[in-house]
Each structure stands twice: as C-alpha cells, then as structure tokens.
Amino acid sequence: MSWRSLLCLRMCWAGRMMLGTFSILLVLFHTAAAAACEFGPFPYRATGIVCRMTKPAALLLNQETAQVIQAAFRNAKFPNITGEKSMRLLGRVAYGLSNIQVNDLSIERSEVELKEDNAIHISIKNVSALFKGTLTYGYAGAWFLHLFHSVDFEIESSIDLQLNINLMCQKHQVAPDASDCYLTFHKLTLHLQGDKQPGWLKQLFTDFISFTLKLVLKREVCKEINAVAQTLTNFILDLAANFVRDKDIIVDISLASDPVVKANYIESHHKGIVLYKNTSSVLSDSVFSPSLLTESRMLYFWLSEHSLSSLAAAAFLDGRLVLNLRGEKLQELFEMEDTEEQQKAVQRIFQGTSYNDSVAKVWSLTQPQISLQPEGTVVRSLVAVEVSILLAGEEPLVTLYMEKEITVTVQATYAEKKLILQPVDSSIEIKVFKCTADPSGEDPSIQSFLQNMILVAGIPEVTSSIGSALTSLMNSKRLDLFDIINPEIITRKGYVIVQLDFGFPSHEILGDKSSTCNGDHINKGRDDVLLQHRAV
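What comes next is a walk through the structure. For every chain, the first residue of the written sequence is number 1, and numbering continues from 1 onward in sequence order. Whole-chain, interface and lining totals are the exception, using all residues; otherwise, since this is a predicted model, local features are given only for residues with pLDDT of at least 70 and side-chain atom pairs are given and counted only at 80 or more. For side-chain calculations, the full set of non-hydrogen atoms in the structure is used, while hydrogens and water are omitted.

Details of the overall build of the protein
- Within the protein one finds eleven helices and 23 strands.
- Any two residues having at least one pair of non-hydrogen atoms within 4.5 Å are treated as being in contact. For the protein, the proportion of contacts with a sequence separation of at least 24, taken over those separated by at least 6, is 71%. In this text, helices come from DSSP runs of H or I with a minimum length of four residues, and strands from runs of E with a minimum of two, each type numbered from the N-terminal end.

Structure representation (structure tokens):
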C-alpha cells in the first residue's frame, strides 16, 4: 500500500464524527478574513443556519488530533539532503542524506485552546520519533584522493509542535491556513551504524546534519499538515454540501457573516437559503442573536423559520408531499374503531371491495405554511384525500374525494436514530366533499366518521410517514453512523434549536476515500533539495 493510501486510510479513521479537532473546526466554524469576504452592514439578518461548538466538544475532538499529526509525520515525504564543508587537510567534505523515514513515532499529549477573536491553538507535546536513512559522504584531499563511503544512520528526536489554525474566507467558503506551524526540538541525536567510523566524522556531521534536518523537518511536516488540513476541509465541505442536497433541492450553506471565536465556543453563520431549480428566496429579517444559544451542550444548530418554510415549499413544488395508502395501512386507518357507524361508512365508501383492491391518495394542494412557536411547529395547508377502487381492466372508480384545511402542531424528537414527528394539536375544516355513497352531501354520519378518522388516525399516519421519509433521507447521508447523545429539538417563535452531545461512532463514516485524499497537493513529487553549507 502506498504512503498516500495509508495517509488516506488514517485520515478517514480520524474522521470519525468530525474528523479530528483542527479539521472539523476548519469546516464548521469559519473565522473569515474580512478582506476576503464582504458582508452587509447587518449580516445576522441574512443568517438562516447557525452552528456553535463549545469547549467540551473541542476537548473531545482533540483526542483524535494525535492520529492526524502522526499521519502527517509518517507520510511526509522527505527529500534527499546534500551539503558540503571545506576542511583543512581533507579538502571539501560532501555528504548526502537519502531514504529518510520515520519509525517509532509517539505523542505524549495534545492540547487545544480557543483564543478569543483569534486562531485555534493546538499544542502537541513531546513527539518522539526515530528517523532512519543512509548517509553518503566523500572528500577530495589536497593530494587529489577521492574517497566515498555510505553508512546507515538513526536520529533520535523529541519535538514539540505548535499549530495556530488561521481560517480565511474565499468565495464565502472556508480556506484553512495551517502554515503558522512551529517545531521545537528538545532532542536531535545522530547515531552512525558501525564501530569503524572515525569519531571526527560523527562530530563533523552531527552539527551540520542536525541543523539541516531541522529545517527540512519543519518545512515538510508543516507542509504535510497544511496539505492534510486542506484535503480534509475540501472533503468535509463536499460531505456537508451533499448532506444538504437532494436532487433539485439544495440548501446554500455559504457564509453569511464572519464567525466568532470565543474562549468557550466557536460559532459560524450560514445563509441557509433553499435553492430549487435555480430559484431561491431572500432572507433579510432573521431573528438570530448569539444570546439565543447557551454553552451547556457540545453542539448547537439554530435554524430559522424561513429556512424550514423554504424547504417545505421546495418539497411541495417537487411533488414530494404525496402519500398513497393501501392494504393493511388502509385497513388500519378505516378500522381504527369497531363501531356500527364505522362499519356502515366503510361499506358505503368501499362498496364491499377489499382494501388490497383500493387505494387512498393524500396530497397537499397548496404550499404548506410553517410557523415555529414554543408549543411546536404549526403547519397549515389545504389537503386533498381521494379513495379509489381498482377494477380489473377498467379505470379506477373514485368513491370519495374531499378537500380540507388542516392545521396541525407537531413536536419533533430524535431517538434511536429516528426522527419522530408527533402531532399534539389538530383541527380540520372540510372545504369540498364528494362521495358516491352520499351524492347530496347531506348525510352527516359519513362526514362525521371521516373527520374523526382523519383527526385520530389520518394526521398521525401522515406525520409518521413524513418522519420516516426524513429519517431515510438523513440516513442515506449516513447520519445514522454518528453517535448522537441526548439530542433536543426546541422550537421558539421564529426559529428552532437542535442541541446535543456526541461521541465518536463505532463505524467508519467515511470509508476508503482514497480518490478524495489523493489530491494533487499531496501527490506532487518533492524535488531533492540542495543545501550548501560552506565554512572557511
């Protein structure tokens, strides 16, 4: 397996839940540079979605940082190093280091700090690494003697690594800059293999090679970390874009304002505008304020009423608000209670036909109106219901058609990896009623039965079906692989808050993304570096 594949596999392992501390912070919380992105004078008013991660979440994610850093060290491709020095009597002594590899890498601890209105500081303490390779040296003496030798070497090192992740906004997307990278060497000891090497050789090369190697290590390791950060950022951006896209319905999650870095949390603001077939609405009256979110949970999502209403509108325009019931589902709906009134109504509507040979279609005639209130999500819509009998070789016979204005208050919960929508208050008003069993529409028994059936069983069935459909959609985006702990969905006037804690999942959420991790910035070959050191 190539080093690039190993890098990708380790990155994907470290990508559990949020792909490690610095990578996820690069994506979810973009500290945008004012010069790179321009926002209006009141950017919060255009904010449809907000994400806040608190310090406990950053500390948890920091547990994965070591894996990312180890991968950067192990997979950095070190160039061959050459140099020379002039010495009396011996003349010029030239040397070269080749086949440099890292072995026995370990990290003592990793720390993360959120610097208010600044960068994300990551400190990696005591990175112990053993570098191995081949030292080739030769010299041309005053008597024109040319001697060349090769010897294996090992270099013991103890290094501290400091990263200040600065994030820029380019085209309203995050662009990470991890170039503010420092390596502090506490130990760098050269060991030459074999007992026959002259002592002066080790003394000569220790200083020169150590100095040269420090420069190369800093450059290559920091370059690799920066490349990995960019690779992971691009991958997560693609992952996030895919999560909020389903066919022609797309949620614009580009930045709406400069995010905020505080000592206890990081917060990013996104437009949250829904795009449907190249059309979109404009959000200019968002009620978001940072005071609406607390710091007691690990992760918060704030969604505006406008964003949810736009999603419902797009689903309506895309013809998704349609439900067909037949067989057992239809039977459960019409036989919710065993009464004489129910039996008569069913007989008159279905005319003795079995439920398997009948179908009930429910669909929205108008765009649903969404209103977020403390008691739940209030949905209003004009809904049609049509019951048809399927006759062999003939056109379906419509035995019932009705239109009704429905208002329902729904409370949402997420448990056992399922979204559950529970109606807590409902009302209906029949606008149109056509039934072959009651052509005049003057029989109150059928309408009374249908109205009661819709309130007691019909609306719960529809909301349950919508919850199942949304669960399937989210799970198709692999949300079910995340370890979500005690999530809460809280509605308020004009917005909804989703707050939760999380742990690392037991499954690979990314799989083998070798094609993604195999970017040009990682694949580029590094040319050998010529470092000349001359002394009199």
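As for the sheet that holds strand β8 (residues 245-246)
- Here, a strand pair is defined by DSSP locating no fewer than two bridges between the strands. Strand order across the open sheet formed by four strands is β8-β9-β12-β13, with antiparallel pairing between neighbours. Bordering the open sheet on either side are β8 and β13 (279-280), each of which pairs with just one other strand.
- Sheet analysis places strand β9 (residues 249-252) next to strand β12 (residues 273-276), joined by four bridges and oriented antiparallel. Considered in β12, the bridge of Asp 252 is made with Ile 273.
- Sitting on the sheet, helix α6 (residues 305-317) touches β9 and β12, and the angle it makes with β12 is about 15 degrees. Note on geometry: axes are lines fitted to C-alpha atoms, helical ones only across the stretch in contact, with angles between N-to-C directions running from 0 to 180 degrees.

Notes on the state of the cysteines
- Here, two cysteine sulfur atoms that lie within 2.5 Å of each other are counted as a disulfide. Under the counting rule described, the total for this entry stands at one disulfide.
- Note that Cys 181 is cross-linked by a disulfide to Cys 222, the S-S spacing being 2.0 Å. Measuring handedness by torsion sign, the sulfur bridge of Cys 181 and Cys 222 sits at about -70 degrees and is left-handed. Of the two residues, Cys 181 is situated in strand β7 (residues 181-192) and Cys 222 in helix α5 (residues 199-243); the sequence distance between them amounts to 41 residues.
- Relative accessibility thresholds used throughout: buried, under 20% of the residue-type maximum; exposed, over 50%; partly exposed, between the two (1.4 Å probe, protein chains only). The class for Cys 222 is buried, based on a relative accessible area of 7%.

Some points on helix α8 (residues 340-350)
- If you check which residues of α8 are buried, you get Gln 342, Ala 345, Val 346, Ile 349 and Phe 350. Seen from one end, α8 has its buried residues packed into an arc of 105 degrees, which puts them on one side.
- Among the structural elements, α7 (327-334), β16 (358-364), β18 (376-389), β19 (397-415), β20 (418-435) and α9 (444-476) are those in contact with the buried residues of α8. Read the arc as the range of directions from the helix axis to the C-beta atoms.

Side note on the environment of Ala 227
- Position of Ala 227 among the secondary structure elements: in helix α5.
- Residue Ala 227 is classed as buried on the basis of its relative accessible area of 9%.
- For the pair Ala 227 and Asp 177, spaced 50 residues apart in sequence, the C-alpha to C-alpha distance is 9.5 Å.

Describing the side chain of Ser 110
- Position of Ser 110 relative to the elements: it lies in strand β3 (residues 91-114).
- Among residues more than four places away in sequence, those in contact with Ser 110 are Asn 62, Thr 65, Ile 122, Ser 123 and Ile 124.

Let's talk about the packing of α7 against α9
- As a packed pair, α7 and α9 sit with axes 9 Å apart at the nearest point and diverge in direction by 130 degrees. It follows from the interaxial angle that α7 and α9 lie oblique. Residue-level inspection shows Lys 329, Leu 333 and Phe 334 of α7 in contact with α9, the latter providing Phe 449, Leu 450, Met 453, Ala 457, Gly 458 and Glu 461. Should an angle fall under 35 degrees it is called roughly parallel, over 145 degrees roughly antiparallel, and 65 to 115 degrees roughly perpendicular, with every other angle called oblique.

Notes on the sheet that holds strand β14 (residues 299-304)
- Sheet architecture is open: six strands sit in the order β10-β11-β1-β14-β22-β21, paired in antiparallel fashion. A strand with exactly one partner marks an edge of an open sheet, and here the two such strands are β10 (260-261) and β21 (483-492).
- Sheet topology note: the β10/strand β11 (residues 265-270) ladder contains two bridges and is antiparallel. Across the sheet, the residue bridging to Val 260 is Glu 267, located in β11.

A closer look at the pairing of β11
- With six of its six residues buried, β11 lies for the most part within the structure.
- Judged by which residues are buried, β11 turns out to be covered on both faces: Tyr 265, Glu 267 and His 269 on one side and Ile 266, Ser 268 and His 270 on the other are all buried.
- Where strand β1 (residues 49-54) meets β11, six bridges bridge the pair, whose relative direction is antiparallel. From the neighbouring strand, Thr 54 faces β11, where its bridge partner is Tyr 265.
- Between β10 and the antiparallel strand that follows it, β11, lie three residues.

Considerations on the side chain of His 269
- Structurally, His 269 can be placed in strand β11.
- Take His 269: its relative accessible area is 0%, and that puts it in the buried class.
- Distance and chemistry together define a polar contact, namely a pair of N or O atoms within 3.5 Å, with one atom able to donate a hydrogen and the other to accept it when in protein, and with adjacent residues in sequence counting only for side-chain atoms on both sides. Side-chain polar atoms of His 269 contact the side chain of Ser 257, separated by 3.0 Å.
- Engagement of the side chain of His 269 in a polar contact is seen with the side chain of Glu 267, the distance being 3.0 Å.
- With sequence-adjacent residues up to four places away left out, His 269 is seen in contact with Tyr 44, Thr 47, Ile 49, Val 50, Ser 254, Leu 255, Ala 256, Ser 257, Asp 258, Pro 259, Val 260 and Phe 288.

Some remarks on the packing of aromatic side chains
- Stacked, tilted and edge-to-face are the three classes applied to pairs of Phe, Tyr and Trp rings, where Trp contributes its six-membered ring and a pair requires centres within 6.5 Å; stacked means planes under 30 degrees apart, edge-to-face means over 60, and tilted covers the rest. Per the stated rule, a full pass over the model turns up eight aromatic pairs.
- Considering the side-chain rings of Phe 350 and Tyr 355, the 5.2 Å spacing of their centres and the 70 degrees angle between planes classify their relative orientation as edge-to-face.
- The class for Tyr 355 is buried, based on a relative accessible area of 11%.
- For the ring pair Trp 363 and Tyr 401, a centre distance of 6.4 Å and an interplane angle of 45 degrees mean the geometry is tilted.

Topic: the pairing of β9
- The alternating pattern of β9 places Ile 249 and Val 251 on a buried face, while none of Ile 250 and Asp 252, on the opposite face, is buried.
- As judged from the two bridges shared by β8 and β9, these two strands associate in the antiparallel manner. Within β9, the position partnered with Asp 246 by the bridge is Ile 249.
- Adjacent in sequence and paired antiparallel, β8 and β9 are bridged by two residues, among which Lys 247 carries a positive phi angle near 60 degrees.

A look at the nonpolar core
- Within the largest apolar cluster, 47 residues are counted, with the highest numbers of intra-cluster contacts made by Phe 78 and Leu 135.
- Elements represented by at least two residues in this core include exactly α4 (65-75), β3, β4 (120-140), β5 (146-170), β7 and α5.
- In this structure, Tyr 355, Ala 360, Phe 433 and Phe 449 belong to the second largest nonpolar core, which totals 36 residues. Only buried residues count toward a nonpolar core, which is a set of Ala, Val, Leu, Ile, Met, Phe, Trp, Tyr and Cys residues joined through side-chain atoms within 4.5 Å.

Regarding the environment of Ile 454
- By the secondary structure assignment, Ile 454 is in helix α9.
- Judged by its relative accessible area of 7%, Ile 454 is buried.
- Leave out the neighbours within four places in its chain, and Ile 454 touches Met 402, Lys 404, Ile 428, Ile 459 and Pro 460.

Thoughts on the packing of α8 against α9
- Interhelical geometry of α8 versus α9 gives an angle of 100 degrees and a closest axis separation of 10 Å. Relative to α9, α8 is oriented roughly perpendicular. Between α8 and α9, the contacting residues are Glu 341, Gln 342, Ala 345, Val 346, Arg 348 and Ile 349 on the first element and Ser 445, Ile 446, Ser 448, Phe 449 and Leu 450 on the second.
- Note that Gly is not counted as nonpolar here; it falls among the polar residues with everything else outside the nonpolar set of Ala, Val, Leu, Ile, Met, Phe, Trp, Tyr, Cys and Pro and the charged set of Asp, Glu, Lys and Arg. Across the contact of α8 with α9, the residue classes break down as six nonpolar, three polar and two charged.

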